[in-house]
Amino acid sequence: MQGDQTHTEKKRERMIKDNEFTSVYGLAENSVQRLMMLIYRTCQRPEDLIKAGPANIKRIEHEGREIRVLPIKQGKTGKTVDIVIAGDLADIINEHMSEKTVWPTFVHTRAGKKYTYSGLVAMFRRYVTKAKLTDFGMYDLKGKGATDMYRAGMPIERIQHLLGHESVTTTEVYIKASLPDVAMPNMRQIGAKPLSQALAIAV
């Protein structure tokens, strides 16, 4: 319970649309593109992801086979989550590993040095402004990733584990899918005929 009180997530109603993501992504340089995709696919804090690199990759046995995972130590919760390297995450890592010089971090300057978090935020904001968007922060990519997973049918308990939340209630608050795009009416059928037909007969 103490973890819930310490790491309470604030409800944020801003949901980043796909076209907003792609607008900024298309303008950004490679390092910012990588960080955007890393945040979106792993749902981790950018401050934690900019420290990650090849040295973090582990091979583990999972369900009878060996897989690669990327352990991320969450600076906010102190937990370490092992994220399976697959899909876009695998593409980012494989691209990095195939570069002429394999630098210590996945997100780096052209000279291979680490970026500061504040520096990357400033760069990201410039691309957001250039895309003529407002109220779009780097942390919104984390929320978008979690929400899109939920909308795609991922069990909320798995999203909770990925985010490192102590309680599923915290995850429910965090996910923007709690604010649906439209409200559906009650479609339940009453009796042998749809309610609309029943009302017409009654009239």
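Before any of the text, the structure's been laid out above.
The notes below deal with the structure included here. The structure presented is a predicted model; accordingly, all values stated were derived computationally and were not measured. (Residues numbered from 1 in each chain as written. Predicted model: local features only at pLDDT ≥ 70, side-chain atom pairs only at ≥ 80, totals over all residues. Heavy atoms only, no water.)

**What about the packing of helix 3 (residues 30–42) against helix 5 (residues 87–97)?**
- Between helix 3 and helix 5, the shortest axis-to-axis distance is 9 Å and the interhelical angle comes to 145°. Pair helix 3 / helix 5 crosses with left-handed handedness. When helix 3 is examined against helix 5, the residues Asn30, Arg34, Met37, Leu38, Arg41 and Thr42 are found in contact with a partner set consisting of Asp88, Leu89, Ile92, Glu95 and His96.
- Looking at side-chain class alone, the contact of helix 3 with helix 5 contains four nonpolar, three polar and four charged residues. (Axes fitted to C-alpha atoms, helices over the stretch in contact; angles between N-to-C directions. Helix = DSSP H or I, 4+ residues; strand = E, 2+ residues; numbered from the N terminus. Left-handed = near helix turned anticlockwise from the far one by under 90°. Contact = heavy atoms within 4.5 Å. Nonpolar A, V, L, I, M, F, W, Y, C, P; charged D, E, K, R; others polar.)

**Things to note about unusual backbone geometry**
- Phi is positive for Cys43, which is not a glycine, with a value near 60°.
- Mapped onto the elements, Cys43 comes out in the loop between helix 3 and helix 4 (46–49).
- The buried category is assigned to Cys43, whose relative accessible area is 1%.
- In this structure, Asp135 is a non-glycine residue whose phi angle is positive, near 55°.
- Mapping Asp135 onto the fold places it in the loop between helix 6 (117–130) and helix 7 (140–151).
- We classify Asp135 as partly exposed; its relative accessible area is 47%. (Buried < 20%, exposed > 50% of the residue type's maximum accessible area, 1.4 Å probe, protein only.)

**Some remarks on the layout of surface pockets**
- Here the largest pocket is characterised by a volume of approximately 620 Å³.
- Around the largest pocket, the lining comprises 19 residues; the ones closest to its centre are Asp82, Ile83, Val84, Met154 and Leu162.
- In terms of residue class, the lining of the largest pocket is made up of 11 nonpolar, three polar and five charged. (1 Å grid on protein atoms, 1.4 Å probe; cavity = no way out; pocket = protein on both sides within 12 Å on 5 of 7 lines; lining within 4 Å. Points joined across faces, edges and corners; volume = space filled by probe spheres on them.)

**A few points about the pattern of salt bridges**
- A complete count under the given rule lists 10 salt bridges for this structure.
- Across the pair Glu47 and Arg45 runs a salt bridge, and its minimum N-O distance is 3.9 Å. For the pair Glu47 and Arg45, one class covers both residues: buried.
- Close ionic contact of Glu66 with Arg59 constitutes a salt bridge, the shortest N to O distance being 3.7 Å.
- When its relative accessible area of 48% is taken as the criterion, Glu66 is described as partly exposed. (Salt bridge = Lys/Arg side-chain N within 4 Å of Asp/Glu carboxyl O.)

**Observations concerning the sheet that holds strand 2 (residues 65–73)**
- Reading across from one edge, 1-2-3 is the order of the three strands in this open sheet, with antiparallel pairing throughout. Both edges of this open sheet fall to strand 1 (58–62) and strand 3 (80–84), since each of them pairs with a single strand only. The average angle at which neighbouring strand axes cross in this sheet is 50°, direction not considered.
- In the sheet, strand 1 pairs with strand 2 via five bridges, with the strands oriented antiparallel. Among the inter-strand pairings, Ile60 is bridged to a residue of strand 2, identified as Ile67. (Pairing = 2+ DSSP bridges.)

**Digging into the nonpolar core**
- In this structure, Val24, Leu120 and Phe124 are the most contacted members of the largest nonpolar core, which totals 45 residues.
- Of all elements in the fold, only helix 2 (18–27), helix 3, strand 2, strand 3, helix 5, helix 6, helix 7 and helix 8 (156–163) reach the threshold of two or more residues within this core.
- Counting residues per element, this core draws most heavily on helix 3, at seven residues.
- Other than its neighbours up to four places away in sequence, Leu120 contacts Val32, Leu35, Ile50, Val107, Tyr115 and Met138. (Core = buried A, V, L, I, M, F, W, Y, C linked by side-chain atoms within 4.5 Å.)

**As for helix 6**
- A rise of 1.5 Å per residue sets the reference length of helix 6, with its 14 residues, at 20 Å; its end C-alpha atoms lie 20 Å apart and thus fit the reference within 8%.
- The set of residues buried in helix 6 consists of Leu120, Val121, Met123, Phe124, Tyr127 and Val128. The arc that holds every buried residue of helix 6, seen down its axis, measures 165°, which confines them to one face. Exposed residues lying more than 90 degrees from the buried face of helix 6 are Ser118, Arg125, Arg126, Thr129 and Lys130.
- Close packing links the buried residues of helix 6 with helix 2, helix 3 and helix 7.
- Just downstream of helix 6, Lys132 is the residue with a positive phi angle, here 60°. (Expected span 1.5 Å × (residues − 1). Arc of directions from axis to C-beta.)

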